[in-house]
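Chain by chain, the residues:
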Amino acid sequence: MKGNDITILYPFAICIVIQILGFFYGQEKPAKTLLTFGVMGVAAMIIGLFTTGTVATFAFISGGLFCSVMWPCIFSLSIAGLGKYTGQGSSFLIMMILGGALVPPLQGGIADSIGIHLSYIVPVVCFAYLAFFALRVKSILNSQGIDYESATSGGH
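Being a predicted model, the structure only gives us computed values, none of them experimental.

What counts and how
Residue numbers restart at each chain and count upward from 1, following the sequence in its written direction. Local features in this predicted model are restricted to residues whose pLDDT is 70 or higher, and side-chain atom pairs enter the listing and the counts only when it is 80 or higher, whereas totals over whole chains, interfaces and linings include all residues. Excluded from the side-chain calculation are hydrogens and water; included are all heavy atoms of the structure. Between 30 and 60 degrees the pair is tilted, below 30 it is stacked and above 60 it is edge-to-face, where a pair is any two Phe, Tyr or Trp rings, Trp via its six-membered ring, whose centres lie within 6.5 Å. Working definition: helices are DSSP H or I runs of at least four residues, strands are E runs of at least two. Numbering for both runs from the N terminus. Put simply, a nonpolar core is a bunch of buried Ala, Val, Leu, Ile, Met, Phe, Trp, Tyr and Cys residues held in one set by side-chain atoms that sit within 4.5 Å of each other. The classification of residues rests on relative accessible area computed with a 1.4 Å probe and restricted to protein chains. Under 20% of the type maximum is buried, over 50% is exposed, and intermediate values are partly exposed. When checking whether two residues touch, look at their non-hydrogen atoms; a contact exists if any pair is within 4.5 Å. Here the expected span of a helix is defined as 1.5 Å times the quantity of residues minus one. Consider a residue and the seven residues that end there alongside the seven that start there; fitting an axis to each set, the bend is the angle between those axes. Read the arc as the range of directions from the helix axis to the C-beta atoms. Angles run from 0 to 180 degrees between N-to-C directions of axes, and those axes are lines fitted to C-alpha atoms, restricted for helices to the stretch in contact. Just so you know how the angles are binned, under 35 degrees is roughly parallel, over 145 roughly antiparallel, 65 to 115 roughly perpendicular, and the rest oblique. Each crossing is labelled by how the near helix is turned from the far one, with a counterclockwise turn of less than a right angle marking it left-handed and a clockwise turn marking it right-handed. Each residue gets one label: Ala, Val, Leu, Ile, Met, Phe, Trp, Tyr, Cys and Pro are nonpolar, Asp, Glu, Lys and Arg are charged, and the others, such as Gly, are polar. Nitrogen and oxygen atoms within 3.5 Å of one another constitute a polar contact, given that in protein one can donate a hydrogen and the other can accept it, and given that sequence-neighbouring residues count only through two side-chain atoms.

Enquirer: Explain the packing of aromatic side chains to me, please; I cannot follow it from the model alone.
Expert: What describes a pair of aromatic rings is the distance from one ring centre to the other and the angle between the planes of the rings. Enumeration over the complete set of coordinates arrives at six aromatic pairs. Residues Phe60 and Tyr120 carry aromatic rings whose centres are separated by 3.7 Å and whose planes lie at 15° to one another, so their mutual orientation is stacked. Remark: Tyr120 occurs in the loop between helix H5 (99–114) and helix H6 (121–143) and Phe60 occurs in helix H3 (residues 53–79); sequence separation between them is 60 residues. For the ring pair Tyr129 and Phe132, a centre distance of 6.1 Å and an interplane angle of 45° mean the geometry is tilted. Of the two residues, Tyr129 and Phe132 both sit in helix H6, three residues apart, roughly one turn of that helix.

Below, the structure written as structure tokens:
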């Protein structure tokens, strides 16, 4: 509207389409969705690490897109099966958002020592852990008799 050239952002539409496809692939199943976006986050960060310029920029920015879908999955999977401790568990989970205040300084310290581009190994590790969590929590919940894979959304 202001006459700014936004054509450089057009390739980012590919990242958004990939996210939408990942969302449909997850089929509203939290473990599958978390695993999907964890793997896509790892892939985006690795693409960013091994490229430069616009491709690397869009790959790194895509990490934020993938994180936006993960939080509801992490939350629902984390409090499932807690029974009477659900309130306490959800409180601790909310307090653990502090991790968002710990990871950036870690990445910043690494950036100061080996460079900003290579510091994106930190998000690779974080996304890989979330993918591992999706796999692990699925088996833990199954052992408790909670099957999130066959769960369907049904409202209240």
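On we go.
Enquirer: Just to check I follow, could you spell out the nonpolar core for this structure?
Expert: One broad trend across soluble globular proteins is that nonpolar side chains are buried collectively. In this structure, Leu34, Phe37, Met45, Phe66, Met70, Leu77 and Phe127 are the most contacted members of the largest nonpolar core, which totals 24 residues. For this core, the secondary structure elements donating two or more residues are helix H2 (30–49), H3 and H6. Ignoring sequence-local partners within four residues, the contact set of Met45 consists of Ala59, Phe60, Gly63, Tyr120, Pro123, Val124 and Phe127.

Enquirer: Would you mind showing me how to read H3 here?
Expert: In an α-helix there are 3.6 residues to a turn, and that puts residues three or four apart on one side. Given a rise of 1.5 Å per residue, 27 residues ought to cover 39 Å, and the 41 Å separating the end C-alpha atoms of H3 matches this to within 8%. Along its length, H3 shows its largest kink, about 35°, at Met70, and proline Pro72 lies within four residues downstream of that point. One or two residues past the end of H3 sits Gly81, with phi positive at roughly 80°.

Enquirer: I keep staring at helix H4 (residues 86–95) and nothing clicks. Help me out?
Expert: Within H4, the full set of buried residues consists of Gly89, Ser90 and Leu93. Buried residues of H4, viewed axially, fall in a sector of 95°; they line one side. Structurally, H4 contributes buried residues whose contacts are with H3.

Enquirer: Where do I start with the packing of helix H1 (residues 12–25) against H3 in this structure?
Expert: How two helices pack is summed up by the angle between their axes together with the distance between the axes. Put simply, H1 and H3 touch, their axes get as near as 10 Å, and they point 30° apart. Viewed along their axes, H1 and H3 adopt a mutual orientation that is roughly parallel. The two elements H1 and H3 meet at a crossing, and its hand is right-handed. Contacts from Phe12, Cys15, Ile16, Gln19 and Phe23 in H1 reach Phe58, Ile61, Ser62, Leu65, Phe66, Ser68 and Val69 in H3. Split into classes, the residues belonging to the contact of H1 with H3 amount to nine nonpolar, three polar and no charged.

Enquirer: It is not clear to me how the side chain of Ser119 should be interpreted in this structure. Could you clarify?
Expert: Mapping Ser119 onto the fold places it in the loop between H5 and H6. Here Ser119 falls in the buried class, since its relative accessible area comes to 0%. At a separation of 2.6 Å, a polar atom in the side chain of Ser119 contacts the main-chain carbonyl oxygen of Ile116. In this view, Ser119 contacts Gln107, Ile110, Ala111 and Ile114; residues no more than four positions away in its chain are not counted.

Enquirer: How do you make sense of unusual backbone geometry when you look at a structure like this?
Expert: Leaving glycine aside, a negative phi is the common case for residues, and trans is the common case for peptide bonds. Even without a glycine there, the phi angle at Gln27 is positive, about 50°. Here Gln27 shows up in the loop between H1 and H2. Here Gln27 falls in the partly exposed class, since its relative accessible area comes to 44%. Positive phi values are uncommon outside glycine, yet Glu28 reaches one of about 60°.

In short, the description is geometric, and any link to function would need to be established separately.
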